[in-house]
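Examination of the molecular architecture
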Amino acid sequence: TQPGRTATRSQLQADINAIFATGFFSNVRVTPEDTPLGVRVTYTVDPNPILQSVVVEGNQVLPDSEVEAAFSDQYGEILNLNRFRIGVEQINQWYQDNGYVLAQVIDAPQVADDGVVTIEVVEGVVEDIRVQFVTSEGETVDEEGNPIDGRTRDFIITREFETQPGDVFNQAQIEQDLQRLFNLGIFEDVRLGLEPGDDPAKVDMVVNVTERDTGSIAAGLGLGPEGVFGTVSYQERNFGGNNQSLSAEVQLGLRDFSFDIGFTDPWIGGDPYQTSYTVNAFNRRTISSIFDGGEREVTLPDDDKPRCDDCGDRPRVNRLGGGVRFTRPLDEWLGWEDWTAFAGFSYQHVTIRDADNNIAPEDALGNNLSFSDTGEDDLFMFQVGLVNDSRNDALQPTSGSVFRFNMDQTAPIGSGSILMNRLRSSYSFYVPVNFIGFSDGPETFAFNVQGGTILGDVPPYEAFALGGTDSVRGYDFGELGTGQSYFQATVEYRFPVFSIVRGVLFADFGTDLGTADEVPGNPAGIREKPGTGAGFGVGVRLDTPLGPLRLDYGINDQGDTRFHFGIGERF
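Residues numbered from 1 in each chain as written. Predicted model: local features only at pLDDT ≥ 70, side-chain atom pairs only at ≥ 80, totals over all residues. Heavy atoms only, no water.

Looking at the side chain of N48
This is how the line gets drawn: Helix and strand assignments follow DSSP, with helices taken as H or I runs no shorter than four residues and strands as E runs no shorter than two, numbered in order from the N terminus. A simple rule labels every residue: compare its accessible area, found with a 1.4 Å probe on the protein chains alone, to the largest value its type can have, and call it buried under 20%, exposed over 50%, or partly exposed in between. Here a polar contact means two N or O atoms within 3.5 Å. Within protein one must be a hydrogen donor candidate and the other an acceptor candidate, and residues neighboring in sequence count only if both atoms are side-chain atoms. Throughout, a residue-residue contact means that at least one pair of heavy atoms, one from each residue, lies within 4.5 Å.
Inspection of the secondary structure assignment puts N48 in the loop between strand 2 (38-47) and strand 3 (53-57). Owing to a relative accessible area of 5%, N48 belongs among the buried residues under this scheme. Here G23 takes part through its backbone oxygen, which lies 3.0 Å from a polar atom of the side chain of N48. At a separation of 3.2 Å, a polar atom in the side chain of N48 contacts the main-chain amide nitrogen of S26. Contacts of N48, omitting those with residues within four sequence positions, involve G23, F24, F25, S26, I78, L79 and L81.

See below:
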């Protein structure tokens, strides 16, 4: 509306709207008056007060600093609702950027005469967490319309969620919660649904889970160094619906009987720090790499040849015992992020035996194979350790690192009165690279260094063995060396090939640090193991539901070659 032009009602309303649109006024009125010369138009405006502060109602997670950052540059000036709206958008954007996807400012701001503006937010508070079991066909109810019953107890599922009723829904945190739940390995699928809560401003989380078969029974026959043997095994990874693991394996041969029984509870009920424990009992019989391999095979004596280098029978190490081990993450307990501690106790009655299961205390050259001269030792061992794991993936890491430290201390009780302190440490780190790029997938340089030493008594079968699939490749198990101490280093270049196939180039180095003759009986020296060596080669990784299967072809520094097969990455 301009002087000298016709004034209309629609124009006057447009003027009011335009004045409101400046954002400076809380009320605008127009008063037209007739005069002899025409119509006089008067606009009466109520300016907004000077903005003093902003108060947010209904927030739990929005920091005061963000409110200050959004509005502080407007304090001391007349409130302009346009500029104020930009601050509101900044608040909404902070919610989105930080994963609070259900949060937003609602309703118009309430402006007080003293310049205090109140805004209300709804942040999407979680009212309840419910579990819903889903069949593999996607059904949530049975034929009678009843909810599907699952084996897993509800609290086993909900305790994996850091998000709890009363918390604000955060998408990033929920994704971590769901991944942690899926990593339990007892579910085929895990999905989240949202439903309105009893309070319209809140939300119910519905955790939809599809369970997988977690039990297995297997039986088989085999042929090994001891002859024909039969094996029966049982495993249940969700025992009693409590995510507890129970496993048992029994092996019966013509000359020996072995078993391994274990039970693991990954989270002791009622413990706020997620302490787990494992108990096991076993009888294991193996041909130890300590007494095997090398240029010169040394075996057990026989009645006709009490002192010979090649009598044909090799010593077996039989371990009968059991133990318990407790593990606790240290982030909630001590605030040490990515750190885990463990402590335990075990007992083993160790005997050295021949193929007929008879005690064999000496080899064919008269060297003791046990710490005592009877062929029987008792190991009462206390174990403690620390782990720091910041890898981005435990199965196939491409970045981060993992550090491990273990200490085993025996008590001098029983046969042999062994007083031994064993220290071991390992550090691995992973560096993402992009060298070839001919196939989708990450490329990584992986590095590992490790070492250990034994203080005090050294039972020969407890010494460190070097060489093999998990040591220096190109050498057979224990073929490189056996020592009281050791050092080992590995570097791998891991790269994608196609689909589920990956390749590896590797180099390994290991040494017993000249401690072979400090092991009683000098098993490495007698077998002429070199003690220090290296290997390099290429490998293939095949990704499977069980984890990576690996096949490596190694060449050692003496020119020998060997294939190595394993499950899981080398480190």
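Now that the structure has been shown, the text picks up again.
Brief notes about the sheet that holds strand 3
In plain terms, the rule: Strands qualify as paired when DSSP identifies two bridges or more between them. Angles run from 0 to 180 degrees between N-to-C directions of axes, and those axes are lines fitted to C-alpha atoms, restricted for helices to the stretch in contact.
If you walk across this open sheet you meet the three strands as 3-5-4, and the pairing is mixed. Only two strands of the sheet have a single neighbouring strand rather than two, namely strand 3 and strand 4 (104-111). The average undirected angle you get between the axes of adjacent strands in this sheet is 25°. Where strand 3 lies against strand 5 (residues 116-122), five bridges are found, and the strand directions are parallel. Looking at strand 5, one finds that V54 is bridged to V117.

Some words on empty space enclosed by the protein
Stated precisely, the cut-off is as follows: The pocket and cavity definitions rest on a 1 Å grid over protein atoms only: a 1.4 Å probe that fits but cannot leave marks a cavity, an open set with protein on both sides within 12 Å along at least five of seven lines marks a pocket, and residues lining either have an atom within 4 Å of a point. Grid points are joined across faces, edges and corners, and a volume is the space filled by probe spheres set on the points. Residue classes follow a fixed rule: Ala, Val, Leu, Ile, Met, Phe, Trp, Tyr, Cys and Pro count as nonpolar, while Asp, Glu, Lys and Arg count as charged, and any other residue, Gly among them, counts as polar.
Evaluated as defined, the whole model comprises one cavity of 30 Å³ or more. Approximately 50 Å³ is the volume found for the largest cavity. Grouping the amino acids of the lining of the largest cavity by side-chain chemistry returns two nonpolar, three polar and five charged.

Brief notes about the pattern of salt bridges
The condition is simple: What counts as a salt bridge is simple: a side-chain nitrogen of Lys or Arg found within 4 Å of a carboxyl oxygen of Asp or Glu.
This structure, assessed with the given rule, holds 27 salt bridges. Its salt-bridge partner being E195, residue R130 comes within 2.6 Å of it at the nearest N-O pair. Within this pair, whereas R130 is found in strand 6 (residues 125-133), its partner E195 is found in strand 7 (residues 187-196), the two being separated by 65 residues in sequence. Residue R191 is joined to D189 by a salt bridge in which the shortest nitrogen-to-oxygen separation is 3.0 Å. The class of D189 is partly exposed, set by a relative accessible area of 28%.

Brief notes about the packing of aromatic side chains
Definition in use: Aromatic rings from Phe, Tyr and Trp, taking only the six-membered ring of Trp, are treated as a pair when their centres fall within 6.5 Å; an angle between ring planes under 30 degrees marks them as stacked, one over 60 as edge-to-face, and anything in between as tilted. Lysine and arginine charges are scored as sitting over a ring when NZ or CZ, respectively, is within 6 Å of the ring centre and within 35 degrees of the ring normal.
Under the definition given, this model contains 23 aromatic pairs. Among the aromatic residues, those joined into a cluster by ring pairs are Y427, F429, F435, F445, F447, Y493 and F495. In this arrangement the basic side chain of R325 is found over the ring face of F342, its NZ or CZ atom lying 3.7 Å from the centre.

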